[in-house]
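# Understanding the architecture of this molecule
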Amino acid sequence: MKEMKEKEDSQKIIYITTPIYYVNAEPHLGHAYSTIVADVFKRFHVISGYKTFFLTGTDEHGEKIVKAAQQVGKSPKEYVDRISSLFRELWPKLNISYDHFIRTTDPEHIKTVQFILNKIYEKGDIYFGQYEGLYCVGCERFYTKRELVDGKCPDHKTEPEVIKEENYFFRMSKYQDWLVEYIEKHPDFIRPERYRNEVLSFLKEPLEDLCISRPKKRLTWGIPLPFDENFVTYVWFDALINYLSGLGYPEGERFKIFWPYAHHIIAKDILKPHAIYWPCMLKAAEIEPYRHLNVHGYWNVEEAKMSKSLGNIVRPLDIVEKYGLDAFRYFLMREMVFGLDSTFSEDAIVNRINADLANDLGNLFRRSLTMAEKYLSGEPPVCHEITEDERDIREKTLACIEEYEGFMKNFMFHRALISIWEVISLLNKYIDRMAPWELVKKDKKRLSTVMYHIIEPLKIISVLLWPFMPSSTEKMQEMLGLKKKGADIRIEEIKEWGRLSSVHLSRGEALFPRIEAKTSKKEEKKKDKKGKEKGNLISIDDFSKIDLRVGKILAAEKIPGSKKLLKLKVNTGEERTIVAGIAESYKEEDLVGRLVIVVCNLKPAKIFGIESQGMLLAASDDSGIHIITPDGDVTPGAKVK
Ligand code: MSP
């Protein structure tokens, strides 16, 4: 196991696949998610110096497709050509860098399927027999009674048909013991662990042989069995083989290079064919099993799985048009914990864009480059003598790279992003504390050192975020004046502090504009109704986004030209300037030394030319404004919960 891992790392080769999608429906958010995951994973390996191959495509045979074609009055071929091209055309619009798009109607694929069928047949692992079973057309598979819920397919909520016919069977039961042992010996064969456990628990019961054919008199839209022309191949047996035909198996050079490093990405709906049928098929065909099966959960919309029948399909391009591609990609990767279900909503996207992208990252980037232009005329800063603060920035930024790599390799994308955001927040605080706007007046050398410790981490952040947001990060790299960009930079280079050199720094366009929440009339009504039912309640999550802290007022002064405003210096664990509209209720000297409650994560705003970094909590009534004070001598910076 350890040896295999080491081999995987030392060879630096990776093969990444998505499911091949059925062409009975147009691409939706769920398809987009799996494919974006594969793309992020590929791009991460590109900047890690791996040789990569990324396969996606469409699954085009079977009864389900014939029915969908009939419904729109098209022949299966016309129909699959149209929908398959919708997938193929969508991916570039989502910046998906796949290397090959496979269709199960491709002649090369058909040849490979027949080659494998022959191989297994000749070996004696395919036999002819009678079968009676419960068949769900939606899933294109037989169900056992114990798998049904109230006699219905758990996914499609329809009663399966009873089908009795003669067919060919794959002797899957023969491989059960081998499979259990293989999964037990390779703990990360199926991951996350919950799915591995699910498969092992399923394998506690005896495995039935797999029916792998359909009689032509019932279905013609499939790959003919090479040893009996009266039958076509069962769709799953056909579809899974795409992972081999996409590499040109059996002769293809690509197969030899990439197959030992195969990573499949799927959602939990197709766990059984991938975790059980597929390894047994490979074993029977005398091919090494794939390396990893990576299984994610469902995107739900309003608590229900997305489906055509529920009418809650989310179309990826609608979201991209509204919020931008990189924001969409970031949201999907940050919001879903790989392996668990997630809920999609536009409110959630807007919150993430505003908080993470516009406020944290966008703001940091913009203010840093504005300062670089203003104080250094765009010249790359130079590092002089450093202090504990700079050592800390450097150590934490470099440590983040290590953490990031570990998380990315293990499909923990949200954790990788959290690590990056910790550095972003560290930098925002460092800037506030170092106040380059003060340094420029008194100490140019120190200013340059501080700016260096802002710009270097920004370069690193732009590289680490490239797999997630390729086009925005390339714009960042342009503004940072990097000589190389995107796919040409290697993670190894950023591990060496200061190695990526800049030519000239310039502030470009704002990368992630804030989204003003505009709700449609229909949504407003719905919200209003929900609000009324719940008394306009917000969730604990919404509340916990507000960073409230105890502050101590250090200084207060009037702002010339304003009757209402005071400029305060407040210690909230760090020193910040706050412009507060309390001049008519408080005298400056009465405020100094007082404890107050401050909203610390408000987007800074310019008021009377002064940047206000937060807000005081206060109550107001006819008697005037009353600031809120904690009961007792609390340490400045303490969190208010
Ligand atoms: N054709 C088979 C796969 C054969 S692979 C050899 C198939 N196709 S599908 O069009 O139904 O795609 C299923 C896959 O689409 C899921 O495994 C997942 O990757 C993606 N998703 C579809 N709906 C989804 C969600 N609601 N949420 C997350 N992913 C989803 O099954």
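Keep in mind that this is a model prediction, so the values were computed, not measured.

The next thing to look at is unusual backbone geometry. Cis geometry is adopted by the peptide bond preceding Pro192, which originates at Arg191 and carries an omega value of -5°. Here the amide bond leading from Tyr249 into Pro250 is cis, since omega sits at 5°, within 30 degrees of zero. Checked against the element boundaries, Pro250 lands in the loop between helix 9 (242-245) and helix 10 (253-258).

The next point concerns the packing of helix 6 (residues 176-185) against helix 7 (residues 193-202). How two helices pack is summed up by the angle between their axes together with the distance between the axes. At their nearest, the axes of helix 6 and helix 7 sit 11 Å apart, and the two run at 155° to each other. Overall, the two elements helix 6 and helix 7 adopt an arrangement that is roughly antiparallel. Note on packing geometry: the crossing formed by helix 6 with helix 7 is left-handed. Contacts from Val180, Ile183 and Glu184 of helix 6 reach helix 7 at Arg196, Val199 and Leu200. The residue makeup of the contact of helix 6 with helix 7, split by class, is four nonpolar, no polar and two charged.

Another point: the site of the ligand. Around the ligand sit 23 residues in total, of which Ile20, Ser34, Asp59, Asp269 and Trp299 are the nearest. Note that a nitrogen atom of the ligand is positioned 2.8 Å from one of the backbone N or O atoms of Ile20. At 2.5 Å from an oxygen atom of the ligand is found a side-chain nitrogen or oxygen belonging to Ser34. Calculation on the ligand without its partners gives an accessible area of 670 Å², and the protein chains cover 94% of this total. Broken down by secondary-structure element, the contributors of at least two residues to the shell around the ligand are strand 1 (13-22), helix 2 (29-47), helix 8 (235-240) and helix 9. Examining the composition of the shell around the ligand, we find that four residues originate from one element, strand 1, more than from any other. Considered class by class, the residues forming the shell around the ligand number 13 nonpolar, eight polar and two charged.

This brings us to helix 15 (residues 388-409). Taking 1.5 Å of rise per residue, 22 residues should cover 32 Å, and helix 15 covers 32 Å from first to last C-alpha, within 8% of that figure. Among the residues of helix 15, those classed as buried are Glu390, Ile393, Thr397, Cys400, Ile401, Tyr404, Glu405, Phe407 and Met408. Immediately beyond the C-terminal end of helix 15, within one or two residues, lies Phe411, with a positive phi of roughly 60°.

This part is about the sheet that holds strand 18 (residues 566-571). Here five strands make up an open sheet; going across it, the order is 19-18-17-20-23 and the pairing antiparallel. Strands with a single pairing partner mark the edges of an open sheet, and in this sheet they are strand 19 (575-580) and strand 23 (615-616). Sheet topology places strand 20 (residues 595-599) next to strand 23; two bridges connect them, and they run antiparallel. Note on strand 23: the bridge partner recorded for Val598 is Leu616.

Conventions we followed
- Residues numbered from 1 in each chain as written.
- Predicted model: local features only at pLDDT ≥ 70, side-chain atom pairs only at ≥ 80, totals over all residues.
- Heavy atoms only, no water.
- Helix = DSSP H or I, 4+ residues; strand = E, 2+ residues; numbered from the N terminus.
- Axes fitted to C-alpha atoms, helices over the stretch in contact; angles between N-to-C directions.
- Parallel < 35°, antiparallel > 145°, perpendicular 65-115°, else oblique.
- Left-handed = near helix turned anticlockwise from the far one by under 90°.
- Contact = heavy atoms within 4.5 Å.
- Nonpolar A, V, L, I, M, F, W, Y, C, P; charged D, E, K, R; others polar.
- Near = heavy atom within 4 Å.
- Polar contact = N/O pair within 3.5 Å; in protein donor to acceptor, adjacent residues only side chain to side chain.
- Areas by Shrake-Rupley, 256 points an atom, 1.4 Å probe, with all protein chains shown as cover.
- Expected span 1.5 Å × (residues − 1).
- Buried < 20%, exposed > 50% of the residue type's maximum accessible area, 1.4 Å probe, protein only.
- Pairing = 2+ DSSP bridges.

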